[in-house]
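# Structure at a glance
Spelled out from the first residue to the last, the chains are:
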Amino acid sequence: MNSLENSPVKYDVIVIGAGHAGCEAALACAGSGHPTLLITINVDGIARMSCNPAIGGLAKGHLVKEIDALGGEMAKNIDETGIQFRQLNTKKGPAVRSSRAQGDLQLYHLRMKKVLERKENLFLKQAIVDEIIVKNGKAVGVATNAGERLLTRAVIVTTGTFLRGLVHIGLNNFSAGRLGELPAMMLSGSLGRLGFALGRLKTGTCPRLDGKSINFSLLKEQWGDDPPKPFSFSNKKVALNQVPCHITYTNPRTHQIIRSGLDRSPLYCGVIKGIGPRYCPSVEDKVVRFPEKDQHQIFLEPMGLDTLEIYPNGLSTSLPMDIQLPMLRSIQGLEKVEIIRPGYAIEYDYADPIQLKPSLETKLIENLFFAGQINGTSGYEEAAAQGLMAGINASLKIRGISPFIPGREEAYIGVLIDDLVTKGTKEPYRMFTSRAEYRLLLREDNADLRLREKGRALGLVNDKDYYEFINKKESIHSELERLGKMFVYPTPGNNDRLKALRSSPIKNPTSLADLLRRPEFSYGDLIIFDQKCALTQAEVAEQVEIHIKYDGYIKRQEEQVAKLLKLERMPLPAEVDFKAIPGLTAEVREKLNRVKPVSIGQASRISGVTPAAISILMVYMKKIGYGG
């Protein structure tokens, strides 16, 4: 074996794990010009959808759009491999509308693998990483189970559920990263020896069903949108034929069968120690927690165009197999169903994200970054967003450039990371629109307007995508200006047109912009007064309508953001000892020293840090020459 001193540094960055976080991290590093090695336990598991085969959903769709705006790959990948696209919350305001797409599980994996294989500066290796090599407080390499010691300038850990993964099916359990794949058993020990505090979390998944054993004729079809709307701002249409899902329900007999197996449920027998996701409970958890409900909705989702496997979304379970099958067969349409793969729960190690800087670099070890489920999150989208940010910031760190840290007012990605590093988590973290204070500013539809310039500056947005964005931005500005200058006059003909639209007549010349402010008006209605509106691109018309209709609310949130930024721009030096600041309570001092906030703004979001404590901090910082 070569000594550490004699081993050549072949890669600027080594990424451990090729799930959704690892793929985005590796592509970002390689795209920034850094030779990058992506190590995975199984190259045939790259970008595998371990749970439901879908991307997006409420608030998660926002993350995918932001990843795309910054130059990431997830949105493009699902547009090429998605088999049902839907816009959610369409009857609600634009702030909470989200996109979701059912994916072809196999095609999604294969396309991402193809992208990785063909990416310049990116190299793949199948191996298990057993150790992070650290020298003088810096991550300098990894050691694998094959005896290799690979040196690097930065390491990104994106291990998903593979750290000491333990699968549970009833009271049977065995080590696995996910069903059918090896776990990483040694890396947790390495992280523990480096001083990281690790905990255990739990997640689960549904059984996979044989589609030819399901009676779909008894069930209601659910089709996606027609036409389907792509995720990526770069795409005008999706690639594949679209297919339906089907809806069914559990019933009292289903619940009775589930209760009969609780004595052998690892969740209720104390076998599982890890904390599970509050917002995506197992079916047995739903039955116990909501005894008054006699049914729960189940979505039967196809796992691809060329497979008959079906994913019964809503039936995550770790019950024993002799309960899973009768439970399923008690449901309408599934009376003769056969299970291809069992549902199961999995426990795995994670590191409390309070141990991270906002750049996702660890506080303990320089040049070591964590992203994805190792930080306590759940979901492909949360993982991919962190992976992209870790890849960007590892690249910037190598070049000696300050990290890119989007604020809570700039992106859901900023909300996600700030929540993690400021508050930590004791349960799997999931993104919701309610977590974003400025969600009217952080809409799905304007993610490119918020972040595309930043992605370009980071070198991750190509010329074609960037110049299309510039054209869109200029078109929005021009149309807003034009509508403000175009007037409709109070003629009998015009007032008749308004009456036909159930809108009140006008008595004075009124701009098209003012007409569009009326609740009953849509941009398309303006065509009866101005034919040029018929020529406007749909995405431009959407932005113009939102901007005009919500202008007052948007300005109000922008004023709130301006106040927030005053606190965010008041830095807290890394070397400050909060125990030395007079006037702070012992509890506040302990919390501040644990989190080590980088600004007054971040300090104000730490649970238990009071407004009085923030005032004391501000006075102290000014006294020692910080904060302006």
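Use the structure listed above.
The structure contained in this document is the topic of the report that follows. (Residues numbered from 1 in each chain as written. Predicted model: local features only at pLDDT ≥ 70, side-chain atom pairs only at ≥ 80, totals over all residues. Heavy atoms only, no water.)

## Digging into the layout of surface pockets
- The calculated volume of the second largest pocket comes to roughly 770 Å³.
- Along its surface, the second largest pocket is lined by 30 residues, and K229, D445, A538, E539 and E542 are the ones closest to its centre.
- Of the residues belonging to the lining of the second largest pocket, the class tally is 12 nonpolar, 7 polar and 11 charged. (1 Å grid on protein atoms, 1.4 Å probe; cavity = no way out; pocket = protein on both sides within 12 Å on 5 of 7 lines; lining within 4 Å. Points joined across faces, edges and corners; volume = space filled by probe spheres on them. Nonpolar A, V, L, I, M, F, W, Y, C, P; charged D, E, K, R; others polar.)

## What to know about unusual backbone geometry
- For the bond from D226 to P227, the omega torsion is 5°, close enough to zero to count as cis.
- Along the polypeptide, P227 turns up in the loop between β15 (220–222) and β16 (245–249).
- In this structure, A59 takes a positive phi of about 70° despite not being glycine.
- Structurally, A59 is set in the loop between β3 (54–56) and α2 (60–69).
- The phi dihedral of N89 is positive, around 60°, even though this residue is not glycine.
- Note that N89 resides in the loop between β4 (82–88) and β5 (98–103). (Helix = DSSP H or I, 4+ residues; strand = E, 2+ residues; numbered from the N terminus.)

## Things to note about the packing of aromatic side chains
- Evaluation of the coordinates by the stated rule reveals 5 aromatic pairs.
- On the basis of an interplanar angle of 55° and a centroid distance of 5.9 Å, the ring pair of Y11 and F123 is categorised as tilted. Here Y11, found in the segment before β1 (13–16), pairs with F123, found in strand β6 (residues 122–126); they are 112 residues apart in sequence, far enough to count as distant.
- Note on F123: relative accessible area 41%, which makes it partly exposed.
- Seen from their ring centres, Y466 and F469 are 6.2 Å apart, and the 40° between their planes marks the pair as tilted. Here the residue Y466 and the residue F469 both occupy positions in helix α12 (residues 463–485), the gap between them amounting to 3 residues, near one helical turn.
- Judged by relative accessible area, F469 falls into the buried class, the value being 3%.
- Joined through ring pairs, the aromatic side chains of Y466, Y467 and F469 make up one cluster.
- For the cation-ring pair, R456 lies above Y467, with the distance from its terminal atom to the ring centre recorded as 5.8 Å. (Phe/Tyr/Trp six-rings, centres within 6.5 Å; stacked < 30°, edge-to-face > 60°. Buried < 20%, exposed > 50% of the residue type's maximum accessible area, 1.4 Å probe, protein only. Lys NZ or Arg CZ within 6 Å of the ring centre and 35° of its normal.)

## Thoughts on empty space enclosed by the protein
- Following the criterion strictly, the structure yields 2 cavities of 30 Å³ or more and no others.
- What the largest cavity holds in volume is close to 40 Å³.
- Every residue lining the largest cavity is listed: Q84, R86, L88, R100, A101 and Q102.
- Mapped by element, the contributors of at least two residues to the lining of the largest cavity are β4 and β5.

## Structural notes on the pattern of salt bridges
- Going through the model one piece at a time under the given rule, you end up with 44 salt bridges.
- Residues E361 and K357 are paired through a salt bridge, measuring 3.4 Å at the closest nitrogen-oxygen approach.
- E361 gets classed as buried once you look at its relative accessible area, which sits at 4%.
- Among the ionic pairs, E590 bridges to R594, the shortest N-O distance being 3.8 Å. With a gap of 4 residues between them, E590 and R594 both fall in helix α17 (residues 586–595), about one helical turn apart.
- Since its relative accessible area comes to 42%, R594 is described here as partly exposed. (Salt bridge = Lys/Arg side-chain N within 4 Å of Asp/Glu carboxyl O.)

That's the geometry; what it means functionally is another story.
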